[in-house]
Number of protein chains: 2
Amino acid sequence: MESRRILGIDPGSRITGYAVIDSDGARSCQVESGCIRLSPEVTVAHRLGDIFRAVTGIIERCRPDEFAIEEVFLSKNASSALKLGQARGAAICAAATQGLPVHEYAARSVKQAVVGNGAAAKEQVQHMVKLLLNLREDLSPDQADALAVALAHAHSLSLNDRLTRMAGAVR
Amino acid sequence: MESRRILGIDPGSRITGYAVIDSDGARSCQVESGCIRLSPEVTVAHRLGDIFRAVTGIIERCRPDEFAIEEVFLSKNASSALKLGQARGAAICAAATQGLPVHEYAARSVKQAVVGNGAAAKEQVQHMVKLLLNLREDLSPDQADALAVALAHAHSLSLNDRLTRMAGAVR
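Predicted, not measured: the structure shown is a model, and the values here were computed from it.

**Student:** Explanation requested: the sheet that holds strand S1 (residues 4-10) of chain B in the structure shown.
**Tutor:** Residues and elements named next belong to chain B. Within the open sheet, the 5 strands sit side by side as S3-S2-S1-S4-S5. Their pairing is mixed. Each edge of the sheet is formed by a strand with only one pairing partner; in this case those strands are strand S3 (28-37) and strand S5 (102-105). When strand polarity is set aside, the average angle formed by the axes of neighbouring strands in this sheet is 20 degrees. Bridging between strand S2 (residues 15-23) and S3 involves 9 bridges; their strand directions are antiparallel. By the bridge assignment, Tyr18 is partnered in S3 with Gly34.

**Student:** Quick question: what am I supposed to make of the environment of Tyr105 of chain B here?
**Tutor:** Residues and elements named next belong to chain B. Within the secondary structure, Tyr105 sits in strand S5. Through-space distance from the C-alpha of Tyr105 to that of Ile69 is 6.4 Å; in sequence the pair is 36 residues apart. When near neighbours in sequence (up to four residues on either side) are disregarded, Tyr105 contacts Ala68, Ile69, Glu70, Glu71, Val110, Val149, His153 and Ser156.

**Student:** What's the story with the interface of chain B and chain A in this structure? I'm lost.
**Tutor:** Accessible area lost when the parts come together is the quantity often used to give the size of an interface. Every contact between the two is made by 25 residues of chain B and, on the other side, 25 residues of chain A. Here chain B packs against chain A, burying approximately 1,900 Å² in sum over the two surfaces, 78% of which is carbon and sulfur. Inspection of the chain B/chain A interface yields 0 salt bridges. Going through the elements one at a time, helix H1 (44-62), helix H2 (78-97) and S5 of chain B are the ones with two or more residues in the side of chain B that touches chain A. The residue inventory of the side of chain B that touches chain A, partitioned by class, reads 15 nonpolar, 7 polar and 3 charged.

**Student:** Whenever I open this one, the relation of the copies chain B and chain A confuses me. Can you help?
**Tutor:** Between the two chain copies there is a screw-like relation: a rotation about an axis and a shift along it. Under the fitted operation, chain B is carried onto chain A by 0.0 Å of movement along the axis and a turn of 180 degrees, and the coordinates agree to an RMSD of 0.0 Å. In the structure described here, the two chain copies are related by an operation that fits a two-fold rotation axis. Counting the interface residues of chain B, we find that 100% of their copies in chain A are interface residues as well, pointing to one common contact surface.

**Student:** Help me understand the side chain of Asp142 of chain A in this model?
**Tutor:** All names here are of chain A. Looking at the element boundaries, Asp142 is found in helix H5 (residues 141-170). It turns out Asp142 is buried and unbridged, and the closest side chain with the opposite charge, Arg37, is 6.0 Å from it. Not counting the four nearest positions on each side in its chain, Asp142 is found in contact with Asp10, Ile15, Gly17 and Cys35.

**Student:** Looking at this model, I keep getting lost on the packing of aromatic side chains. Mind explaining?
**Tutor:** For the structure on display, the rule yields 1 aromatic pair over all chains. Ring centres 4.6 Å apart and planes at 25 degrees place the aromatic pair Phe52 of chain A and Phe52 of chain B in the stacked group. Residue Phe52 of chain A is found in helix H1 (residues 44-62), and its partner Phe52 of chain B is found in helix H1; the two belong to separate chains. Both residues of the pair, Phe52 of chain A and Phe52 of chain B, count as buried.

**Student:** Is there a simple way to explain the packing of helix H2 (residues 78-97) of chain A against H1 of chain B in this structure?
**Tutor:** Packed helices, taken two at a time, are described by the angle between their axes plus the distance between the axes. Closest axis-to-axis distance for the H2 of chain A/H1 of chain B pair is 8 Å, and the angle between their directions is 85 degrees. It follows from the interaxial angle that H2 of chain A and H1 of chain B lie roughly perpendicular. On the side of H2 of chain A, the interface is formed by Gly89, Ile92, Cys93, Ala96 and Thr97 of chain A, while H1 of chain B contributes Ala45, Leu48, Gly49, Phe52 and Arg53 of chain B. Here the contact of H2 of chain A with H1 of chain B is composed, by residue class, of 6 nonpolar, 3 polar and 1 charged.

**Student:** For this particular structure, what's the right way to read unusual backbone geometry?
**Tutor:** Of all residues except glycine, most have a negative phi; of all peptide bonds, most are trans. Residue and element names in this part refer to chain A. Its identity is not glycine, yet Asn134 carries a phi of approximately 55 degrees, on the positive side. Structurally, the position occupied by Asn134 is in the loop between helix H4 (122-133) and H5. Judged by relative accessible area, Asn134 falls into the exposed class, the value being 68%.

Basis of the calculations
- Residues numbered from 1 in each chain as written.
- Chains lettered and ligands numbered in written order.
- Predicted model: local features only at pLDDT ≥ 70, side-chain atom pairs only at ≥ 80, totals over all residues.
- Heavy atoms only, no water.
- Pairing = 2+ DSSP bridges.
- Helix = DSSP H or I, 4+ residues; strand = E, 2+ residues; numbered from the N terminus.
- Axes fitted to C-alpha atoms, helices over the stretch in contact; angles between N-to-C directions.
- Contact = heavy atoms within 4.5 Å.
- Buried area = accessible area lost by both parts, 1.4 Å probe.
- Salt bridge = Lys/Arg side-chain N within 4 Å of Asp/Glu carboxyl O.
- Nonpolar A, V, L, I, M, F, W, Y, C, P; charged D, E, K, R; others polar.
- Least-squares fit on C-alpha atoms with pLDDT ≥ 70 in both.
- Buried < 20%, exposed > 50% of the residue type's maximum accessible area, 1.4 Å probe, protein only.
- Lys, Arg positive; Asp, Glu negative; His and termini not counted.
- Phe/Tyr/Trp six-rings, centres within 6.5 Å; stacked < 30°, edge-to-face > 60°.
- Parallel < 35°, antiparallel > 145°, perpendicular 65-115°, else oblique.

Take a look at the structure:
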């Protein structure tokens, strides 16, 4: 398939990980990745505005074709689910207002795509992300999760591409 | 106090109520109010983008000075808390990116301010909202809740204004 630029986001109310990769399905490489750290000293509204502005800035700078976001872990705590939902809403809003297609992946599917095991440990995910993208530097957990969701989307695009070709060949 | 224009929002993942009022503390009047209805047939990302764009549009059109939003009811269900959080995040993002001060009010404080009873029934809130704003038309529940949170904020602004004057007089 032709190369696609993917923005992956791991949303959080304190730290939001982001990653931009280029992938042609067979090979992927990192464009940039990092963390949006939110000050605990400002209001929630201020923090949500910061997520929105930061994600909008990354989209304007890197011009991704696709946006992939991890489905948040649903804790039993409704209060933390609400906070995560707000952070997620801010990031998705930034993508939606820039006209990017938004794709969501459950944590399990991300692990399945990157490690081949939906129940893989965090360390295994980090290890495979570094291996697949040929990275030497240490990754923060949120940065690794954002890279993983971007890779999971690249994997899904490549699968769809192959299925479309196969359907074409059969016809 | 000098007249302030307040945008009140009652966030929801299906319907988001909005209300714009002018208030000088003693008297309030409605500028406009209504509902942002979200199609259940489009993706969540699309709906969040719609909330963001609609609230941004209201802010650009009505130029409010303040933004007030109801704290969502925390159900025991983490999944619905997440959805509400996302809708809330989208609305707050619109206010934050336009530089509006964001104020949050618990449902209890809104009822206390409008009816004088934190445990008032929905019908009592609707009745008092119509009375206080001299409205004749029937209000949808989300529209009434948005008007109520805007009135609660007007009440709080007026209280603060009086306290500041009293502190000045004592000095």
